[in-house]
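Chain residues, written in single-letter form:
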Amino acid sequence: MAPPAFTERAAYPTAFDAWVRNVPGMVWFADRLRALEAPERHDVLHWYLPAEQHAFEIVATNLTFVFVYMFAMYLERKNRAHRPRPRMRSYRQTAADYLLAAVLSFCLVMQVVYKLRRGHMQWTYLIMPCHLMSAAYVYVLVTPNRKAAAHIINVVLYMSYFTILALLFPDTSQLTQLYELEVFWLQHYAMVYVPFHFLLTTDLPLYDDYASFFYATAYGGFGFYVLQTPLALYSGVNVNYQLWPPPKQPLHGRVYKQQTAIVLVLLGWIVGRVLTPGVRLALTFVRPPTWSSRS
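Residues numbered from 1 in each chain as written. Predicted model: local features only at pLDDT ≥ 70, side-chain atom pairs only at ≥ 80, totals over all residues. Heavy atoms only, no water.

Colleague: Kindly report on the overall build of the chain, identifying the contributing residues and their values.
Modeller: On a plain count of helices and strands, the chain comes out with 10 helices and 0 strands. Taken from the N to the C terminus, the helices and strands of the chain come in the order α-α-α-α-α-α-α-α-α-α. Each of the 295 residues in the chain was classed as buried or not, and the buried ones make up 47%. In the structure as shown, the chain presents an accessible area of about 15100 Å², 69% of it carried by carbon and sulfur atoms. (Helix = DSSP H or I, 4+ residues; strand = E, 2+ residues; numbered from the N terminus. Buried < 20%, exposed > 50% of the residue type's maximum accessible area, 1.4 Å probe, protein only. Areas by Shrake-Rupley, 256 points an atom, 1.4 Å probe, with all protein chains shown as cover.)

Colleague: For the packing of helix 4 (residues 95-118) against helix 8 (residues 180-201), give the residues involved together with the corresponding values.
Modeller: Packed helices, taken two at a time, are described by their axes: the angle between them and the distance between them. The contact between helix 4 and helix 8 brings their axes to 10 Å, and the two run at 145°. Between helix 4 and helix 8 lies a crossing whose hand is left-handed. Side by side, helix 4 and helix 8 meet where Ala 96, Asp 97, Leu 100, Val 103, Leu 104, Phe 106, Cys 107, Leu 108, Met 110, Gln 111, Tyr 114 and Arg 118 of the first sit next to Glu 180, Val 183, Leu 186, Gln 187, Ala 190, Met 191, Tyr 193, Val 194 and His 197 of the second. In terms of residue class, the contact of helix 4 with helix 8 is built from 15 nonpolar, 3 polar and 3 charged. (Axes fitted to C-alpha atoms, helices over the stretch in contact; angles between N-to-C directions. Left-handed = near helix turned anticlockwise from the far one by under 90°. Contact = heavy atoms within 4.5 Å. Nonpolar A, V, L, I, M, F, W, Y, C, P; charged D, E, K, R; others polar.)

Colleague: Quick one: what's the story with the pattern of salt bridges, residue by residue and with numbers?
Modeller: What the rule picks out here adds up to 4 salt bridges. Put simply, Arg 34 and Asp 31 hold a salt bridge, and the shortest N to O gap is 2.8 Å. With a gap of 3 residues between them, Arg 34 and Asp 31 both fall in helix 2 (residues 26-36), about one helical turn apart. Given the relative accessible area of 32%, Asp 31 is considered partly exposed. Across the salt bridge formed by Glu 52 and Arg 34, the nearest N and O atoms sit 2.5 Å from each other. Placement of Glu 52 in helix 3 (residues 51-82) and of Arg 34 in helix 2 is noted, with a sequence separation of 18 residues between them. (Salt bridge = Lys/Arg side-chain N within 4 Å of Asp/Glu carboxyl O.)

Colleague: Outline helix 6 (residues 146-156), listing residues and values.
Modeller: Summarising burial for helix 6: 10 of the 11 residues are buried, a large majority. Looking at helix 6, one finds that the buried residues are Arg 146, Ala 148, Ala 149, Ala 150, His 151, Ile 152, Ile 153, Asn 154, Val 155 and Val 156. Its buried side turned inward, helix 6 meets helix 5 (129-142), helix 8 and helix 9 (211-235).

Colleague: Give me unusual backbone geometry: which residues, what numbers.
Modeller: Outside of glycine, negative phi angles account for most residues, and trans bonds account for most peptide bonds. Positive phi values are uncommon outside glycine, yet Tyr 179 reaches one of about 60°. One can find Tyr 179 in the loop between helix 7 (161-168) and helix 8. Positioned with a positive phi, Tyr 241 is a non-glycine residue whose angle comes to about 60°. Position of Tyr 241 relative to the elements: it lies in the loop between helix 9 and helix 10 (256-284). A relative accessible area of 35% means that Tyr 241 is categorised as partly exposed.

Colleague: Which residues make up the packing of helix 6 against helix 9, and what values do they have?
Modeller: Their axes nearest at 8 Å, the elements helix 6 and helix 9 cross at an angle of 80°. As summarised for this structure, helix 6 and helix 9 are arranged roughly perpendicular, according to the angle between their axes. Each of His 151, Asn 154 and Val 155 in helix 6 lies in contact with helix 9, whose residues at this interface are Ser 212, Tyr 215, Ala 216 and Tyr 219. Class assignment of the residues belonging to the contact of helix 6 with helix 9 gives a composition of 4 nonpolar, 3 polar and no charged. (Parallel < 35°, antiparallel > 145°, perpendicular 65-115°, else oblique.)

Colleague: Describe the packing of aromatic side chains, naming the residues involved and giving the relevant values.
Modeller: Inspection of the entire model under this criterion finds 14 aromatic pairs. Taking 4.5 Å as the distance between ring centres and 35° as the angle between the ring planes, the aromatic pair formed by Tyr 161 and Phe 162 counts as tilted. Judged on exposure class, the residue Tyr 161 and its partner Phe 162 are both buried. Seen in terms of ring centroids, Tyr 210 and Trp 269 are 5.4 Å apart; in terms of plane orientation they differ by 15°. Their pairing is stacked. With Tyr 210 in the loop between helix 8 and helix 9 and Trp 269 in helix 10, this residue pair connects regions lying 59 residues apart in the sequence. Residue Trp 269 is classed as partly exposed on the basis of its relative accessible area, which comes to 34%. One aromatic cluster is present, built from ring pairs that chain together Phe 71, Tyr 74, Tyr 158, Tyr 210, Phe 213, Phe 214 and Trp 269. (Phe/Tyr/Trp six-rings, centres within 6.5 Å; stacked < 30°, edge-to-face > 60°.)

Colleague: With reference to specific residues and values, describe the nonpolar core.
Modeller: Of all hydrophobic cores here, the largest spans 62 residues; its most connected members are Leu 104, Tyr 137 and Phe 162. If one sorts the elements of this core by residue count, helix 9 sits on top with 9 residues. Once residues lying within four places of it in the same chain are set aside, the contact partners of Tyr 137 are Leu 104, Ile 153, Val 156, Met 191, Val 194 and Pro 195. (Core = buried A, V, L, I, M, F, W, Y, C linked by side-chain atoms within 4.5 Å.)

Colleague: Quick one: what's the story with the side chain of Asp 97, residue by residue and with numbers?
Modeller: Position of Asp 97 among the secondary structure elements: in helix 4. It is Arg 146 that comes nearest to the buried, bridge-free Asp 97 among opposite-charge side chains, at 6.5 Å. There is a polar contact of 2.9 Å between the side chain of Asp 97 and the backbone nitrogen of Thr 94. The contacts of Asp 97, once residues within four sequence positions are left out, are Tyr 91, Leu 141 and His 197. (Lys, Arg positive; Asp, Glu negative; His and termini not counted. Polar contact = N/O pair within 3.5 Å; in protein donor to acceptor, adjacent residues only side chain to side chain.)

Take a look at the structure:
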């Protein structure tokens, strides 16, 4: 199926574009975004969304997610005031921790090799959510900082839908290099297991509140609009569909990214609020409860 037509945006009113041009600094910012593009990397769909819209979205969404992050911090402080943080015991990494860290590190190194060999700015795919989450997992597995590890694990529960979607609807059409497909499956199955490994084998607390959800929403938003959109505009590579929508989904047109964001936030809420009670129930049969209502 062919990608959506570049002229599809013409079906939308231009009043928004005219309004954005009147916002102070937007025209200047849009011109800077156009300057990122190199002719040799140009794709006919590169400006599926006009530069003014990219400029407005980057500014507006990042400001929004700053407030979301601040709200998460407020919820965390509020819960700490009512429920003291449980004391973290010292933890010594096990052989299983290092084995999982080694597996994910191997997968990340191979992803770097595959992307560099493919050329044409394909290294930008290294900032896809699953690769960033894999790097976070490696840190969690080897760090002695249990406070940071607990924060990451609880946030990742709300972002685990990325891994689940990648396994349910894998796009493996371009995984043609030696063992590239096998590395894809190994990485994603390891990512599914890591949170449960930690919750079942360590005393990391499982938080029962909403701060982690808002942290996850803010981190996801920053990833899209601080990392992925600027790099996609620079490279011409449609990283995580930041330049134009995927051809086999119903969400398209000028607001496809906003529609997708709403769906992902809802998925994060559902998965997080289902996984958290489910894992908590499973833990009651495996070890004494170590979760808390907030750290």
